[in-house]
Amino acid sequence: MSKRDFLSIPDFTADELHSLLDLAGRMKSGAYRERPLTGKTLAMVFAKSSTRTRVSFEVGTLQLGGHALFLSSRDIQLGRGEPIRDTARVLSRMVDGIMIRTFAHADVEELARFATIPVINGLTDLLHPCQILADLLTTLEAFGTLKGKTVAWIGDGNNMCNSWLNAAGVLGFELRVACPQGYEPDRGIFERNAALTSLLVTGDPEEAVAGAHVVTTDVWASMGQEAEAAQRAEAFQGYLVDEALMRRADPKAIFLHCLPAHRGEEVTEAVLEGPQSRVWDEAENRLHVQKALMAMLMG
């Protein structure tokens, strides 16, 4: 059997995504007791620091019977200039899967090209597919289905936004993106998915949120963009998710945020801690979807 990677949402078909989310739900409920990673090891390569990605993959591997190795790029030869392809080939002979969280998406693609074991994208500057799996599971828990649902993304057209576009294209739900000029999502990703489902990019958050079932956002300056923080804060004036904006969504709408959140910048304390917020379920769901992903790829 040829190895499978998970670098972006479209690496899986709609049926495969639904199967993964169903398995994650069974794992969360305790209905799934198997340990398909017994005797197996996941190498976790981190060029970017993390809370949820590290803890969820490490705990998830253990719960499935395996062992996870934390490899900071500072501590391994990658950080001293060893080519990615060399690291890929060496790790492939010692471990059973690689999860990498880094900057350039091309680095993850190269790692996957030279590795003979499954590679999972834990985050790049372009995409954050594992987080979207958690967001999809959280949405399913709230509504029972994604069919006929509308998701509104407010803020930066970043790796999260690009991954939401991919998910909308594969699964067929409507997605509306509100972002300032100059901060739009990746053009190629948008166009590819616009051919598959209903997508909108607007400068007006109220237009994006009108009647939406899911309202979601992220910080305005992601990791590596700290130098742009002041400029971005100015550009994103008017893109705060507050109670007034949430009132324009569907009455049963949920609020999502991949965390960490900057209260008072992209979202108010009242929304983040309010009755419509599902951010803590969403954070927990990283564990369950990643366990399902590892069981499918490495088990």
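Residues numbered from 1 in each chain as written. Predicted model: local features only at pLDDT ≥ 70, side-chain atom pairs only at ≥ 80, totals over all residues. Heavy atoms only, no water.

Moving on to the sheet that holds strand β7 (residues 199-202). Each strand in a sheet pairs with its neighbour through backbone hydrogen bonds, running either in the same direction (parallel) or in the opposite one (antiparallel). With parallel pairing, the five strands of this open sheet are ordered in space as β7-β6-β5-β8-β9. A single partner strand is all that each edge strand has here, and the edge strands are β7 and β9 (254-257). The sheet shows a mean angle of 20° between the axes of neighbouring strands, direction not considered. Strand contacts of helix α5 (residues 129-143): β8 (214-217) and β9, with the helix running at about 165° to β9, the strand carrying the most contacts. (Pairing = 2+ DSSP bridges. Helix = DSSP H or I, 4+ residues; strand = E, 2+ residues; numbered from the N terminus. Axes fitted to C-alpha atoms, helices over the stretch in contact; angles between N-to-C directions. Contact = heavy atoms within 4.5 Å.)

Under the counting rule described, the total for this entry stands at zero disulfides. The closest cysteine sulfur to the non-disulfide-bonded C179 is located on C161, 6.4 Å from its own sulfur. (Disulfide = S-S within 2.5 Å.)

Oppositely charged side chains may form a pair once their charged atoms are brought near each other. Scanning the entire structure with this criterion turns up 14 salt bridges. Two residues, R232 and E228, come together in a salt bridge whose shortest N-O distance is 2.8 Å. For E269, the salt bridge is made with R263, and the minimal N-O distance between the two is 2.8 Å. Residue E269 is classed as partly exposed on the basis of its relative accessible area, which comes to 42%. On the accessibility criterion, R263 (40% relative accessible area) is partly exposed. Three or more residues joined by partner-sharing salt bridges are found here, namely D156, E228 and R232. (Salt bridge = Lys/Arg side-chain N within 4 Å of Asp/Glu carboxyl O. Buried < 20%, exposed > 50% of the residue type's maximum accessible area, 1.4 Å probe, protein only.)

What follows is about the packing of helix α2 (residues 52-63) against helix α12 (residues 279-298). Between α2 and α12, the shortest axis-to-axis distance is 9 Å and the interhelical angle comes to 50°. Here α12 runs oblique to α2, going by the angle between their axes. For α2 against α12, the interelement crossing comes out right-handed. Each of R52, T53, S56, F57, V59, G60, T61 and Q63 in α2 lies in contact with α12, whose residues at this interface are A283, R286, L287, Q290, K291 and M294. Counted by class, the contact of α2 with α12 contains five nonpolar, six polar and three charged residues. (Parallel < 35°, antiparallel > 145°, perpendicular 65-115°, else oblique. Left-handed = near helix turned anticlockwise from the far one by under 90°. Nonpolar A, V, L, I, M, F, W, Y, C, P; charged D, E, K, R; others polar.)

We now examine the nonpolar core. Counting residues in hydrophobic clusters, the biggest one holds 55 residues, and the most contacted among them are L136, W164 and L293. Apart from the residues lying within four places of it in its own chain, the contact partners of W164 are I132, D135, L136, V151, W153, F173, L175, T216 and L256. Membership of the second largest hydrophobic core comes to 23 residues, among which are I154, F255, V267 and V271. (Core = buried A, V, L, I, M, F, W, Y, C linked by side-chain atoms within 4.5 Å.)

Bringing the packing of aromatic side chains into the picture now. One pair of aromatic rings is described through two measures. These are the centre distance and the angle between the planes. Under the criterion given, the structure shown has six aromatic pairs. The interplanar angle of 55° and the centroid separation of 4.9 Å between the aromatic rings of Y183 and F236 together place this pair among those described as tilted. On the criterion of sequence distance, the pair formed by Y183 in the loop between β6 (174-178) and α7 (187-194) and F236 in the loop between α9 (229-235) and α10 (243-246) is long-range, its members being 53 residues apart. A relative accessible area of 12% means that Y183 is categorised as buried. Relative accessible area serves as the criterion here: at 0%, F236 is assigned to the buried category. Each residue in the set Y183, W220, F236 and Y239 is aromatic and connected to the rest through ring pairs, giving one cluster. (Phe/Tyr/Trp six-rings, centres within 6.5 Å; stacked < 30°, edge-to-face > 60°.)

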